[in-house]
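Chain residues, written in single-letter form:
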Amino acid sequence: MAHNPRPALEHPQLGVVPVTAVMHALSDETRLAIVHTLLAEPTGRACGTFPVDVAPSTLSHHFKVLREAGLIHQEDRGTQRWTMLRAPELDARFPGLLAAVIAAPELSTDPS
């Protein structure tokens, strides 16, 4: 039986990504949780290890939205797909945007 490699993933150049695409990608709680997790892990994380409670197919959809908006980079490492946040590129293209969205009061775990 032949091994079918996964198709290559498309990663847009951030210079062509409109801010509206980034804002749309960040408008979902699950995608925000993914981004927040990646901020704490700059070297990335294996796709099946994110602390979100969604079906694998739904998680794949969220990764696709984030990838197409230029927020994440994904690559295959052996049998796992790793996801990394493109924070330095995002900060260069949209200064302060990622920090402002992550710091929004709705995401705070501080009850005050």
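The coordinates are above.
Conventions adopted
- Residues numbered from 1 in each chain as written.
- Predicted model: local features only at pLDDT ≥ 70, side-chain atom pairs only at ≥ 80, totals over all residues.
- Heavy atoms only, no water.
- Salt bridge = Lys/Arg side-chain N within 4 Å of Asp/Glu carboxyl O.
- Buried < 20%, exposed > 50% of the residue type's maximum accessible area, 1.4 Å probe, protein only.
- Helix = DSSP H or I, 4+ residues; strand = E, 2+ residues; numbered from the N terminus.
- Expected span 1.5 Å × (residues − 1).
- Contact = heavy atoms within 4.5 Å.
- Phe/Tyr/Trp six-rings, centres within 6.5 Å; stacked < 30°, edge-to-face > 60°.
- Lys NZ or Arg CZ within 6 Å of the ring centre and 35° of its normal.
- Pairing = 2+ DSSP bridges.
- Polar contact = N/O pair within 3.5 Å; in protein donor to acceptor, adjacent residues only side chain to side chain.

Caption draft 1: Summary view of the pattern of salt bridges. What the rule picks out here adds up to 5 salt bridges. Residue Glu41 pairs with Arg45 through a salt bridge whose shortest N-O separation is 2.4 Å. With a relative accessible area of 27%, Glu41 lands in the partly exposed category. Judged by relative accessible area, Arg45 falls into the buried class, the value being 18%. A salt bridge links Glu75 to Arg77, with the shortest nitrogen-to-oxygen separation between them at 2.9 Å. With relative accessibility at 37%, the residue Arg77 sits in the partly exposed group.

Caption draft 2: Summary view of helix H3 (residues 56-68). Compared with the 18 Å implied by 1.5 Å per residue over 13 residues, the 18 Å span of H3 between its first and last C-alpha is a close match. Buried within H3 are the following residues: Leu59, His62, Phe63, Val65, Leu66 and Arg67. Elements that come into contact with the buried residues of H3 comprise helix H1 (19-25), helix H2 (29-39), strand S2 (72-77) and strand S3 (80-85).

Caption draft 3: How the structure looks around the packing of aromatic side chains. One pass over the full model with this rule turns up 1 aromatic pair. Centre to centre, the rings of Phe50 and Phe63 are 5.3 Å apart; their planes meet at 65°, and the pair counts as edge-to-face. Here Phe63 lies in helix H3 and Phe50 lies in the loop between strand S1 (45-46) and H3, a separation of 13 residues in the sequence. The ring of Phe50 has Arg45 lying over it, and the distance from NZ or CZ to the ring centre is 5.6 Å.

Caption draft 4: Seen up close, the pairing of S3. As defined by bridge partners, S1 adjoins S3 across 2 bridges and the pair is classed as antiparallel. Bridge pairing in S3 links Arg45 to Thr83. The sheet contact formed by S2 and S3 spans 6 bridges and is antiparallel. Considered in S3, the bridge of Gln74 is made with Thr83. The turn linking S2 back onto S3 is made up of 2 residues, and Gly78 within it adopts a positive phi angle of 65°.

Caption draft 5: Seen up close, H2. Those residues of H2 lying buried are Thr30, Arg31, Leu32, Ile34, Val35, Thr37 and Leu38. Summarising the contacts, the buried residues of H2 are in contact with H1, S1, H3, S2, S3 and helix H5 (97-102). A side-chain oxygen of the first residue of H2 lies 2.8 Å from the backbone nitrogen of Thr30; this N-cap is Asp28.

Caption draft 6: Inspection of the side chain of Thr83 at higher detail. Note that Thr83 resides in strand S3. Here Thr83 falls in the buried class, since its relative accessible area comes to 0%. A distance of 3.0 Å separates a polar atom in the side chain of Thr83 from a polar atom in the side chain of Gln74. Excluding residues that lie within four positions of it along the chain, Thr83 makes contacts with Leu38, Gly44, Arg45, Cys47, Phe50, Phe63, Ile72, His73 and Gln74.

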